Amino acid sequence: MSARTRESFIVDASAGPPGAWRLLLPALVGWAACALLITVPGSNWWITVAAGLAGSVCAVSNWTTSRKAGSRRPMGFRSAILLLCGVLIVLGVRVETAASVRNHPALVSALETGATVEFDADVVGFPKISSSFIGGESYGIAAAAHLDGARVPVMLWIDGPPSQTIGPGTHLQVRGKPAPGKPSSSTAWSISVRSLEVRSPASGWNAAASALRAGIVAAAASIPHAALVPGFAVGDTSLVSEELSADMLETGLTHLTAVSGANCALVVSAGIWFASHLGFGRRARIPIAGLMLLGFVGIVGPDSSVQRAAVMAAVVLISQFSGKRSQALSALGIAVLVLLIRDPWEAVQAGFALSVTATLGILLFSAPITRALRRTCRMPGWLATPFALSIAAQLTCGPLLLLLQSGLPVVSVFANVLAAPAAPAGTAFGLAATIMLPVIAWLGEWLLILASLSARWIELVAALGAEVPFGRWNWNGGWFGVGTLALVELLMVALFALRSGAISRSSWEKFSRRTPRRGRADVPRSAKRAAGWLGAVGGGIAITMTLVAPVASRFGVPNNWSIVSCDVGQGDATLLRDPTDPEFVMLIDTGDDEDLLRTCLDRFGVREIDQLVLTHDDRDHVGALDTVAPITQTAIIAPANAKDGTDRKLVRSLNESGVPFVELSEGATGGAATGDQGGLKWRVLAPARGTVPKDTNAASIVMSVQIQGWRILMLADTGKDEQKSMLAAGIDVTSDIVKIAHHGSKDQHLPLYEQSGAKAAFVSVGEKNSYGHPNADLLASLGELGMNAWRTDEMGTVALVLIGNEVRGFQARGVYAK
């Protein structure tokens, strides 16, 4: 897309009338209320009734005021309140009706009894691969289940790739076991499919779109460096490798492989260009561009992210080419309301929040940033525009991104600028290839090759950007990080406004209650001093978060730790060492959050792992393998299990990373090579030698680790059956400290814990997880046995120090507990 075209999508909202906010503000408040209604059950009718009463009062007030002759009270405020009340009532009713459909009695009953359920379903999205387990591949198919006349949104989970005939519009007969979806998910239920039959394949446009999608994916698979092209064209990322995906995530380029507003903007721009060259007038170009956008959405599929991008692009198109550019913010408000009414659960989706905030940032800040870059940095317009777009989007999205991943990806601004010329070209050639492949195959292949050149450029940008030193600055995640970054950004925006003269002299003097001084200075001295204070405070906070906090976090960490249960969310990662031999470090499991694992290793000064034990193949135990593979000397893995067989993704990953590994079972021993009397020693207690466990959890490696005379029992993800088998086999489980199995699930055999004789325990579990871990009854029973349990969901990372006959626990909050 040319710089001129990109600039046409930039609106200087500050030039618009104040009324432009009268629709956006109610939409934003409605968004917040919608999120509250979903996350706080029972609040729906209270908010709806309160909004109805307030709206009635405002309506009566407006009516009586309008009848009073000569009334000077403006009606704008009351009208805005009336509009807000109407928005809340509509969204409240919509949430209530959607919730009643989601909680269908047939699915609730099947969940309570553990039975399977049979139903017909219409597929509403293309199948997507899931990485929920590293030992196998699962595919999710978004569908609408037909139950007693209601259409319940469900996600169908199947093992292995589905038939290529399954796509939007396919009618299925499904039998499966239901489980409730996440409260924040647009799909109410997850169905573990037992049997699936295609009743009728997709027809008409849906069939054609599926064929086009399959064609571009198949053709790209045979062309070097074309893995990103299906993502550019139709949002399909099945060909993208894990390494490339990680590089693009690190450099903030993942949006290029998902259908986003940029793709829709390109299609709209192409439609406008096409219509203008055919001689159509300004207003006639709008429906032509809209039809092209509709066709594009039909090809890529009716995914919620696609619909979100299309709605945003459509309203911006109307606001831009209707001759009323000042209505851009109102158009954004319309987009927010339309999307929330279509699916209220968008209100708690990260993608929705990022889409809205990025659009708002571009509308508010891209134009002034472009002017500032051209004025102060002497940048040409073609370079200043993409920089401004990236900075504006990063400015508003940055705080929210901290909820998904800690750290500030400063390299992403430059990476997006470098990728800016290639992404539109790749999308254009990719779409053209998608359409031409079934018509003129040789032409489609040449177009695909041209698109692969753009894809290769973006691959290089992502690979180089991921290796740039200090490309991601330290910044705490979570709400604290969100608040501090938002504060710094507000201070910097105020600083920019004061220094650039965006705040007029008269406005500043009125705000500061100073008597106007004579002179022609554009910026008063008091404003300059205020700007200096703002810069100092904002800079101080930024330096504290990026430089001081990482160093300070290591103060107070005990240097004589023996056990560290890293807070990696809903997963396991445990560091073990003998303080008398601190160079030998063992890591049992990695969790699946690379950032959290890296933070834990840095905090405790771990630079090398002598032995990495991967107790079983589930992703929450081995998903962050890539983080530690470069610093791992040897790895120990569980034997193969009957469910997944011998073709294991974990084994392939270890081979690709070059880490030597060995499969171990009961009876194996090892540890630090420091003699019989010192150092860390371990012995494998399960699984039994010569057996084939039924699944990954049953294959879990159970270890007894000895450190300075203390015995630590590591139970991995074993359940009641495996624990019973260990006792029945006469295995010695005597220990002083025990790692509670399976994140504290209720599937436990309490006699094993009792027989262990341990007086201390720890459990690695994610905060507010959806599994109910750790089980309250289990913790109560362990407490009756005299076990003092440390929990990562409440304490964060926990380090245990073994001093004589005493265990001291260091929590992430810096408090010692005995």
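Residues numbered from 1 in each chain as written. Predicted model: local features only at pLDDT ≥ 70, side-chain atom pairs only at ≥ 80, totals over all residues. Heavy atoms only, no water.

### Some remarks on the state of the cysteines
Stated formally: Note on disulfides: each one is a pair of cysteine sulfur atoms within 2.5 Å. Here a helix means four or more residues in a row that DSSP labels H or I, a strand means two or more in a row labelled E, and each is numbered from the N terminus. Relative accessibility under 20% of the residue-type maximum defines a buried residue, over 50% an exposed one, and the middle range a partly exposed one, all with a 1.4 Å probe and only protein chains included.
Under the criterion given, the structure shown has 1 disulfide. What pairs with C566 in a disulfide is C600, and their sulfur atoms sit 2.1 Å apart. Around the S-S axis, the bridge from C566 to C600 shows a dihedral of about -65° and counts as left-handed. Taken together, the positions of C566 in the loop between β7 (563-565) and β8 (574-578) and C600 in helix α21 (residues 594-603) put the pair 34 residues apart, joining distant regions of the chain. Residue C600 is classed as buried on the basis of its relative accessible area of 3%.

### A closer look at helix α24 (residues 649-657)
Our working rule: Here the arc refers to the set of directions running from the helix axis out to each C-beta atom. We call two residues contacting when some pair of their heavy atoms lies within 4.5 Å.
Within α24, burial applies to L650, V651, S653 and L654. Buried residues of α24, seen end-on, are gathered within an arc of 160° and therefore sit on one face of the element. Residues of α24 that are exposed and point over 90 degrees away from its buried face: N655 and E656. Residues of α24 that are buried sit in contact with β10 (609-614), α22 (619-622), α23 (625-628), β11 (632-637) and β12 (661-663). Backbone geometry just downstream of α24 places G658 in the positive-phi region, at approximately 80°.

### Quick word on empty space enclosed by the protein
Threshold: Cavities and pockets were defined on a 1 Å grid built over protein atoms only: a cavity is a set of grid points that admits a 1.4 Å probe from which the probe cannot escape, a pocket is an open set flanked by protein on both sides within 12 Å along at least five of seven lines, and lining residues are those with an atom within 4 Å of any such point. Grid points are joined across faces, edges and corners, and a volume is the space filled by probe spheres set on the points.
This model, assessed by the stated rule, comprises 2 cavities of 30 Å³ or more. Estimates place the volume of the largest cavity at around 40 Å³. In terms of lining, the largest cavity is formed by D572, T574, I588, D589, T615, I701, M714, A716 and K739.

### Overview of the packing of helix α12 (residues 328-342) against helix α13 (residues 350-376)
What counts here: Note on geometry: axes are lines fitted to C-alpha atoms, helical ones only across the stretch in contact, with angles between N-to-C directions running from 0 to 180 degrees. Orientation labels follow simple angle bins: below 35 degrees gives roughly parallel, above 145 gives roughly antiparallel, 65 to 115 gives roughly perpendicular, and whatever is left gives oblique. For this classification, Asp, Glu, Lys and Arg are treated as charged, while Ala, Val, Leu, Ile, Met, Phe, Trp, Tyr, Cys and Pro are nonpolar and the rest, including Gly, are polar.
Viewed as axis vectors pointing N to C, α12 and α13 meet at an angle of 175°, and their least axial separation amounts to 10 Å. The orientation of α12 with respect to α13, classified from their angle, is roughly antiparallel. Across the interface between the two elements, A328, L329, L332, V336, L339 and L340 of α12 pack against F352, V356, T359, L360, L363 and L364 of α13. Looking at side-chain class alone, the contact of α12 with α13 contains 11 nonpolar, 1 polar and no charged residues.

### Things to note about the sheet that holds strand β19 (residues 788-791)
Inclusion rule: Strands pair, by our definition, only if DSSP identifies at least two bridges between them.
Taken in spatial order, the 7 strands line up as β13-β14-β15-β16-β17-β18-β19 in an open sheet, and their pairing is mixed. Strands at the two margins of the open sheet, each flanked by one partner only, are β13 (669-671) and β19. Strand after strand, the sheet turns through a mean of 20° between neighbouring axes, direction not considered. Here strand β17 (residues 737-739) runs beside strand β18 (residues 760-763); their pairing, made up of 3 bridges, is parallel.

### Describing the pairing of β10
Heads up, the condition is: Orienting the strands away from the viewer, one traces the path from the first strand over the helix to the second; a clockwise path indicates a right-handed crossover.
In terms of burial, β10 is a largely internal element, 6 of the 6 residues being buried. The sheet contact formed by strand β9 (residues 581-588) and β10 spans 3 bridges and is parallel. Considered in β10, the bridge of I588 is made with V613. Handedness of the crossover joining β9 and β10 through α21: right-handed. Examined bridge by bridge, β10 and β11 share 5 bridges and lie parallel to one another. Bridging from a neighbouring strand, L614 pairs with I637 of β11.

### Notes on the nonpolar core
For clarity, the cut-off: Throughout this description, the term nonpolar core refers to a set of buried Ala, Val, Leu, Ile, Met, Phe, Trp, Tyr and Cys residues connected via side-chain atoms within 4.5 Å.
I216, L228, M248, L253, L256, L448 and I458 are the most contacted members of the largest nonpolar core, which has 44 residues in total. Take this core: its biggest share by element is 7 residues, from helix α17 (residues 441-467). Beyond its immediate stretch of four places on either side in the chain, I216 contacts P230, V234, G430, A433, T434, L437 and L448. Judged by nonpolar contacts, the second largest core, of 31 residues, contains L664, A760, F762 and V798.

### Some remarks on the pattern of salt bridges
Rule in force here: A pairing counts as a salt bridge when a side-chain nitrogen of Lys or Arg comes within 4 Å of a carboxyl oxygen of Asp or Glu.
Applying the stated rule across the entire model yields 15 salt bridges. The residue R598 makes a salt bridge to E594 at a minimum N-O spacing of 4.0 Å. With R598 and E594 both in helix α21 and 4 residues apart, the pair spans about one turn of that helix. For R598, a relative accessible area of 36% puts it in the partly exposed group. Ionic pairing is found between D793 and R791, a salt bridge with its closest N-O pair at 2.7 Å. For the pair D793 and R791, a shared accessibility class is recorded, and that class is buried. Ionic contacts of the salt-bridge type, sharing partners, join the residues E594, D595 and R598 into one network.

### Considering the environment of S412
For S412, the position within the fold is in helix α15 (residues 411-419). Each C-alpha atom, one on S412 and one on G465, is 7.8 Å from the other, the two residues being 53 residues apart in sequence.

### Here we look at unusual backbone geometry
Across the junction of A686 and P687, the peptide omega takes the value 5°, indicating a cis bond. Its place among the elements puts P687 in the loop between β14 (681-686) and β15 (702-707). A cis amide bond, omega -10°, links H773 with the succeeding residue P774. Considering the arrangement of structural elements, one finds P774 in the loop between β18 and α27 (776-784). Non-glycine residue H742 carries a positive phi angle of around 50°. Non-glycine residue K768 carries a positive phi angle of around 55°.

### Side note on the packing of aromatic side chains
Put simply, the rule reads: Pairing of aromatic side chains requires ring centres within 6.5 Å, counting the rings of Phe and Tyr and the six-membered ring of Trp. Pairs whose planes differ by under 30 degrees are stacked, by over 60 edge-to-face, and all others tilted.
Taken as a whole and judged by the stated rule, the model has 2 aromatic pairs. Taking 5.1 Å as the distance between ring centres and 90° as the angle between the ring planes, the aromatic pair formed by W31 and F352 counts as edge-to-face. Pair noted here: W31 is in helix α2 (residues 21-39) and F352 is in helix α13, with a separation of 321 residues, a long-range link. Aromatic pair W561 and F604: ring centres 5.8 Å apart, planes at 80°, arrangement edge-to-face.

### Points about a nonpolar patch on the surface
Quick note on the threshold: Put simply, a patch holds well-exposed residues, over 30% relative accessible area, that have no salt bridge, with like charges counted together within 9 Å and Val, Leu, Ile, Met, Phe, Trp or Tyr side chains within 5 Å. Surface exposure here means Shrake-Rupley accessible area, sampled with a 1.4 Å probe, where a residue is shielded only by the protein chains that are shown.
A grouping of W273, F274, L278, F280 and M292 is seen on the molecular surface, where their side chains present a nonpolar patch of about 520 Å² in accessible area. Tracing the chain through its elements places W273 in helix α9 (residues 261-277). Given the relative accessible area of 53%, W273 is considered exposed.

### Side note on the environment of D120
Tracing the backbone shows D120 in strand β1 (residues 117-123). We classify D120 as partly exposed; its relative accessible area is 25%. Separated by 54 residues in the primary sequence, D120 and V174 place their C-alpha atoms 6.1 Å from one another. Beyond its immediate sequence surroundings of up to four residues, D120 is in contact with A144, A145, H146, H171, L172, Q173 and R199.

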